[in-house]
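These are the residues of each chain, in order.
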Amino acid sequence: MTRKYAFFPGCVLDAAAREARDATQAVAARLGIELVEIPGWTCCGASHVQDIDRETALAANARNLALAERMGLDVLTACSTCALMLRTARAELKNGRKSAVNEALAEAGLEYRGTADVTHLLWVLADTAAEWAPKVRKPLSGVRVAPFYGCHTVRPPEIMTHESHLNPRSMETVIAACGAQPVTIPERLKCCGFHAVFPAESTAHNMTASAADSARKEGADCLLTPCPLCHMQLDMYQPDARATTGKGGDTPVLHLAQLVGLAVGVERERLGLSRHIVSPAPLLSKC
């Protein structure tokens, strides 16, 4: 399994959820996936910039894609929101926006041609599970994992086309390849509340508490998400959500790469598990 991608970390993976970046790079190296960071990448906008200035946001993401094209590689990100923003830009550029954007990019000596695809770490791991499963050194037998896809991993379906947006199975595939047992919760395809945490704090806390509470009631050892924004919301705000709503206990939250890292034998300190707000110690005791 040898693959090479232009790696787009994105802002959250690069800073607030640094553990997800560290885990992603460690897992990629262990599985023979070469990640070459896009030089000079900039924020995707995370849906907020798009609401204020769509043209600037489109040009910024076209620039990110053009930089990857210069490398001759497809783009891989471990953030669902980044994947959505980059894929949305690619779709808009394909549908008649390329000429205008290239006028702006020309000032930086760049040109968007449309040759680089955009994929997600989740999709690569799910599609190649049969290849890397033999590298699992510490099968997570007896570990129950509740997948949390969130909004942007599968929606809108015309942009996030990898699998069914009504019944995705990629995370279940990865969990099973790690030797763990997937546990279904009602919130698996719902919003985590990240984008609403400031304007609608109470609503966001209810979303977070609901997911954590369902996972606990179903006997899951952790929630698992492929998106660092969901990871931050479900982990960082879980104590506040619990205090506000009275729901649930402490439910550990792992980024996808952290779970795979545990299974393939990446050293735990490289996975950043000590940085979590909700301690994963009870989970780790079973791994």
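In this convention, every chain numbers its residues from 1, walking through the sequence in written order. In keeping with the model being predicted, local features are shown solely for residues with a pLDDT of at least 70 and side-chain atom pairs are shown and tallied solely at 80 or more, while totals for entire chains, interfaces and linings include all residues. Each side-chain value is derived from all of the structure's non-hydrogen atoms; neither hydrogens nor water enter the calculation.

Attention now goes to the state of the cysteines. The disulfide criterion used throughout: a pair of cysteine sulfur atoms within 2.5 Å. Summed over the entire model, instances satisfying the criterion amount to zero disulfides. Between C44, a cysteine without a disulfide, and C82, which holds the nearest cysteine sulfur, the sulfur-to-sulfur distance is 3.8 Å. The rule is simple: take the accessible area with a 1.4 Å probe, protein chains only, and divide by the maximum for that residue type; under 20% is buried, over 50% is exposed, in between is partly exposed. A relative accessible area of 5% means that C44 is categorised as buried. With no disulfide of its own, C82 has C79 as its nearest cysteine by sulfur position, at a separation of 3.7 Å.

Remark: nonpolar core denotes a set of buried residues (Ala, Val, Leu, Ile, Met, Phe, Trp, Tyr, Cys) joined through side-chain atoms within 4.5 Å. Core analysis: the largest hydrophobic core is formed by 97 residues, its most contacted members being W132, V174, L223 and V260. Helix and strand assignments follow DSSP, with helices taken as H or I runs no shorter than four residues and strands as E runs no shorter than two, numbered in order from the N terminus. Counting residues per element, this core draws most heavily on helix α5 (residues 80-106), at nine residues. Whether two residues are in contact is decided by their heavy atoms, any of which lying within 4.5 Å being enough. When neighbours within four sequence positions are excluded, V260 is seen to be in contact with V27, L31, L125, W132, V174 and C178.

To continue, consider the sheet that holds strand β6 (residues 181-182). Two strands pair if DSSP finds at least two bridges between them. Here we have four strands laid out as an open sheet, ordered β6-β5-β7-β8, and parallel in their pairing. Edge positions in the sheet fall to β6 and β8 (253-255), since each of these pairs with one other strand and no more. As paired strands, strand β5 (residues 144-147) and strand β7 (residues 222-225) are joined by three bridges and run parallel to one another. The residue bridging A146 from the neighbouring strand is L223, located in β7.

Tracing the backbone through its elements, the reader meets E187 in the loop between β6 and α9 (201-217). Only four residue types enter the tally: Lys and Arg on the positive side, Asp and Glu on the negative side; His and the chain ends are excluded. Basic side-chain nitrogens of Lys or Arg form a salt bridge, by our definition, when they fall within 4 Å of a carboxyl oxygen of Asp or Glu. Within the buried set, E187 has no salt-bridge partner at all; the shortest N-O distance to an opposite charge, 5.3 Å, is to K190. Contacts of E187, omitting those with residues within four sequence positions, involve F148, S210, A211 and S214.

This part covers the packing of aromatic side chains. Between rings of Phe, Tyr and Trp, where Trp is taken as its six-membered ring, a pair exists when centres lie within 6.5 Å; planes separated by under 30 degrees are stacked, by over 60 edge-to-face, and by other angles tilted. Taken as a whole and assessed by the stated rule, the structure comprises one aromatic pair. Centroid distance F8 to W41: 5.4 Å. Interplanar angle 65°. Geometry classified as edge-to-face. Here F8 is found in the loop between β1 (3-7) and α1 (11-14), whereas its partner W41 is found in the loop between β2 (33-37) and α3 (48-52), with 33 residues between them in sequence. By the burial criterion, F8 is buried, and W41 matches it.

A separate point is helix α12 (residues 256-264). The buried fraction of α12 is high, at nine of nine residues. Among the residues making up α12, those that are buried are L256, A257, Q258, L259, V260, G261, L262, A263 and V264. G265, located one to two residues past α12, shows a positive phi value of around 90°.

The next thing to look at is the sheet that holds β1. An order of β2-β1-β3-β4 is seen for the four strands of this open sheet, with the pairing classed as parallel. Looking at strand neighbours, the two that pair on one side only are β2 and β4 (118-120), the edges of this open sheet. Strand-to-strand twist in this sheet, taken as the mean axis angle between neighbours without regard to direction, amounts to 45°. As judged from the five bridges shared by β1 and β2, these two strands associate in the parallel manner. Pairing of F7 across the sheet is with E37, part of β2. Where helix α2 (residues 18-31) meets the sheet, its contacts fall on β1 and β2, and the angle it forms with β2 comes to roughly 135°. Only C-alpha atoms enter the line fits that serve as axes; for helices the fit covers just the stretch in contact. Angles between N-to-C directions range over 0 to 180 degrees.

What follows deals with the pattern of salt bridges. Inspection of the entire model under this criterion finds 18 salt bridges. Residues R21 and E37 are paired through a salt bridge, measuring 2.5 Å at the closest nitrogen-oxygen approach. Of the two residues, R21 sits in helix α2 while E37 sits in strand β2, which places them 16 residues apart along the sequence. Between R270 and E267 there is a salt bridge, with its nearest N and O atoms 3.8 Å apart. Of the residues examined, R270 reaches a relative accessible area of 41% and is grouped as partly exposed. E267 gets classed as partly exposed once you look at its relative accessible area, which sits at 34%. Through salt bridges with shared partners, one network takes in D14, R18, R21, D22, E37 and R275.

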